[in-house]
Amino acid sequence: MLSRISKLTQLMIMIHGLITAVISNKFPEILTQTYNQTLNISDTAILTCHVKNLGNHHVTWLKYDSNTLTYLPLTVGEQVFYSDTRYFVSSYSTSLDNSYWNLEISNLKLSDEGIYECKISNRRGSVSIQIYLQIQIPMTIKPSRLYVEPGSSVELDCTIYNINTSSITWHFSSLNHTNKYNIYHYDIYEKYHNEKNISKSQLIIRHAQPYHSGLWTCTYKRQRRSAKIFVEKGALQHHHQQQRLVSNNHSSFSIQCTMSLILFTLLLGHHMTYRI
């Protein structure tokens, strides 16, 4: 009887050992989904990869090289192989099975834009996800809304910071059609100014007409900023009337709030006096 119990115990131990071995040899999973991340130039990027059941495997970060059409390794585990000191890798665990691996890139440059890959691989197989990092450049357009009378002069300033470029283009959208305006049109001009990593494109309309009303957009690569221009008789007066109406509404609301507060204070004071 004892021998049977002993054999049963040994069998249970063997089964437990096999289950443990299978679990420990389970290939890791990457729970993070492929995604895009957009940041401004000079920002710090933190690319995150959530891993389950990492075990003794290593997380590798790579970047796609469009020249060689291959992924070049940046880090393996917590070891950084890329010579750029702006790159740093960190990790932390929230449980025995879950860990997070972050690739940090400080002081972002335009050259940092591209596809990054978080990968775990060995002879048995591999898993990976891609993160597309997009780098934006601070860009403004002034004024963003303008009301003018026919025949007036219009100036729009499109400014890009931290870069010197003359590749800013302008597009015009009126009603239901969009087209790039004719730069040689007799009443439309462009001027470029570059100084200390600031690029400015100035759009000038000498004698604005109603057909110039619409959305004017300056673009640099995939970035764009837009301004609305309204050219019509009485447009400026109508705009001032709208501003006065909004201002009066705000003033009326403010007066109502003040009167309500005074009434509430009087009622509260009367109630407290009555209780005393």
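All of these numbers come straight from a predicted model, not from anything done at the bench.

1. A look at the packing of aromatic side chains
Okay, step 1: Evaluation of the coordinates by the stated rule reveals 5 aromatic pairs.
Okay, step 2: Between Tyr92 and Tyr100, the aromatic rings sit 5.1 Å apart at their centres with planes inclined by 10°, giving stacked as the arrangement.

2. Details of unusual backbone geometry
Okay, step 1: Residues Lys142 and Pro143 are joined by a peptide bond in cis, for which omega reads -10°.
Okay, step 2: Of note, Pro143 is situated in the loop between strand E11 (139–142) and strand E12 (145–148).
Okay, step 3: For Ser42, which is not a glycine, the phi torsion comes out positive at approximately 80°.
Okay, step 4: Despite not being glycine, Asn162 shows a phi value in the positive range, around 70°.
Okay, step 5: Tracing the backbone shows Asn162 in the loop between strand E13 (154–161) and strand E14 (169–174).

3. Considerations on the state of the cysteines
Okay, step 1: Following the criterion strictly, the structure yields 2 disulfides and no others.
Okay, step 2: Here Cys49 pairs with Cys118 through a disulfide, and the sulfurs are 2.0 Å apart. Because the torsion about its S-S bond is -85°, the bridge between Cys49 and Cys118 counts as left-handed. Remark: Cys118 occurs in strand E9 (residues 114–122) and Cys49 occurs in strand E3 (residues 45–52); sequence separation between them is 69 residues.
Okay, step 3: With a relative accessible area of 0%, Cys49 lands in the buried category.
Okay, step 4: A relative accessible area of 0% places Cys118 in the buried class.
Okay, step 5: Linked covalently through their sulfurs, Cys158 and Cys218 form a disulfide whose S-S length is 2.1 Å. Where Cys158 bonds to Cys218 through sulfur, the torsion about that S-S bond is close to 70°, and the disulfide is right-handed.

4. Describing the sheet that holds strand E7 (residues 87–93)
Okay, step 1: The 4 strands are arranged E1-E3-E8-E7 in an open sheet whose pairing can be described as antiparallel. Sheet topology places strand E1 (29–30) and E7 at the edges, where each strand pairs with a single neighbour.

5. Describing the environment of Thr165
Okay, step 1: Within the secondary structure, Thr165 sits in the loop between E13 and E14.
Okay, step 2: Counting along the chain gives 27 residues from Thr165 to Tyr192, while the straight-line C-alpha distance between them is 9.1 Å.
Okay, step 3: If sequence neighbours within four positions are ignored, Thr165 has contacts with Ile160, Asn194, Ser199 and Tyr220.
Okay, step 4: Polar side-chain contacts of Thr165 include one of 3.0 Å to the backbone nitrogen of Ser167.

Rules used throughout
Residues numbered from 1 in each chain as written. Predicted model: local features only at pLDDT ≥ 70, side-chain atom pairs only at ≥ 80, totals over all residues. Heavy atoms only, no water. Phe/Tyr/Trp six-rings, centres within 6.5 Å; stacked < 30°, edge-to-face > 60°. Helix = DSSP H or I, 4+ residues; strand = E, 2+ residues; numbered from the N terminus. Disulfide = S-S within 2.5 Å. Buried < 20%, exposed > 50% of the residue type's maximum accessible area, 1.4 Å probe, protein only. Pairing = 2+ DSSP bridges. Contact = heavy atoms within 4.5 Å. Polar contact = N/O pair within 3.5 Å; in protein donor to acceptor, adjacent residues only side chain to side chain.

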